[in-house]
Amino acid sequence: NHAEYVWPPIAHLCSALRARLAHVYCNCYVTPPGCQAAPPHADDRDVFVLQVRGRKHWRVWGAPPVPFPYPDEQVGKNGTPVPLQLLDERPAIECV
């Protein structure tokens, strides 16, 4: 959602990161308590997550058993479903 176009401090952060990384942009999400912002999915890019407020149950699995490059932008979001057997496995990272 390119939040760097909306809030100057995020634009400055993205600009500084671009000095070392080829492609940087920022998405921001506000998720009310007890809700989920997005279903389990696999992003087609590297992601750095920073939670600044509240509590959320985070689960991160390894690479999905889906051929790369993905035929859709993001596995699990309006495209190829995340294989259910992956979600039955123990996450690589799980924290609150």
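Each chain carries its own residue numbering, running from 1 in the direction its sequence is written. For this predicted model, a pLDDT threshold of at least 70 governs which residues receive local features, and a threshold of 80 or more governs which side-chain atom pairs are given and counted, while totals over whole chains, interfaces and linings are taken from all residues. Side-chain metrics in this entry use all non-hydrogen atoms of the structure; hydrogen atoms and water are not considered.

## Some remarks on the overall build of the protein chain
- Scanning the protein chain for helices and strands turns up two helices and two strands.
- Under the DSSP-based scheme used, a helix requires at least four consecutive residues in state H or I and a strand at least two consecutive residues in state E, with every element numbered from the N terminus. Listing each helix as α and each strand as β along the protein chain from the N terminus yields α-β-α-β.
- Looking at the protein chain residue by residue over its 96 residues, the buried ones come to 19%.
- Of the contacts formed within the protein chain by residues at least 6 apart in sequence, a portion of 57% connects residues at least 24 apart.
- Computed with a 1.4 Å probe, the accessible areas rest on the Shrake-Rupley method; for each residue, only the protein chains presented here act as cover. When the accessible area of the protein chain is evaluated, it comes to approximately 8000 Å², of which 58% is carbon and sulfur surface. A simple rule labels every residue: compare its accessible area, found with a 1.4 Å probe on the protein chains alone, to the largest value its type can have, and call it buried under 20%, exposed over 50%, or partly exposed in between. It only takes one pair of heavy atoms within 4.5 Å for two residues to be counted as in contact.

## Digging into the pattern of salt bridges
- The working definition used for a salt bridge is a side-chain nitrogen of Lys or Arg within 4 Å of a carboxyl oxygen of Asp or Glu. Under the definition given, this model contains one salt bridge.
- Note that glutamate 4 is salt-bridged to arginine 18, the shortest N-O span being 4.0 Å. Here arginine 18 lies in the loop between α1 (8-17) and β1 (58-60) and glutamate 4 lies in the segment before α1, a separation of 14 residues in the sequence.
- Judged by its relative accessible area of 8%, glutamate 4 falls in the buried class.

## Topic: a nonpolar patch on the surface
- Patch definition: residues above 30% relative accessible area lacking any salt bridge, with like charges linked at up to 9 Å and the nonpolar side chains Val, Leu, Ile, Met, Phe, Trp and Tyr linked at up to 5 Å. On the surface, a cluster of nonpolar side chains totalling about 450 Å² of accessible area is made up of Tyr5, Val6 and Trp7.
- Summarising the element assignment, valine 6 is placed in the segment before α1.

## Description of the packing of aromatic side chains
- Any Phe, Tyr or Trp ring, taking Trp's six-membered ring, that has another such ring centre within 6.5 Å forms a pair; planes under 30 degrees apart are called stacked, those over 60 apart edge-to-face, and the others tilted. Enumeration over the complete set of coordinates arrives at zero aromatic pairs.
- Any Lys NZ or Arg CZ that is within 6 Å of a ring centre and within 35 degrees of that ring's normal is treated as a charge sitting over the ring. Cation over ring: lysine 56 sits above tryptophan 58, and NZ or CZ is 5.4 Å from the ring centre.

## Observations concerning the nonpolar core
- In this text, buried Ala, Val, Leu, Ile, Met, Phe, Trp, Tyr and Cys residues form a nonpolar core when linked through side-chain atoms within 4.5 Å. Ranked by size, the top nonpolar core spans five residues in total: Ala3, Ile10, Cys14, Val24 and Cys26.
- Apart from residues no more than four positions distant in its own chain, alanine 3 is found in contact with Ile10, Cys26 and Cys28.

## Looking at unusual backbone geometry
- Despite not being glycine, histidine 2 has its phi angle at roughly 45 degrees, a positive value.
- Locating histidine 2 in the fold gives a position in the segment before α1.

## Here we look at the confidence of the model for the protein chain
- A residue-level look at the protein chain finds 89% of positions with pLDDT of 70 or above and a mean pLDDT of 84.
- Per-element confidence in the protein chain is highest for α1, whose mean pLDDT is 94, and lowest for helix α2 (residues 84-88), whose mean pLDDT is 85. By definition, pLDDT measures how confident the predictor is in each residue, and it falls between 0 and 100.

## Structural notes on the environment of valine 96
- For valine 96, the position within the fold is in the segment after β2 (93-95).
- For valine 96 and histidine 57, which are 39 residues apart along the polypeptide, the C-alpha to C-alpha distance reads 4.4 Å.

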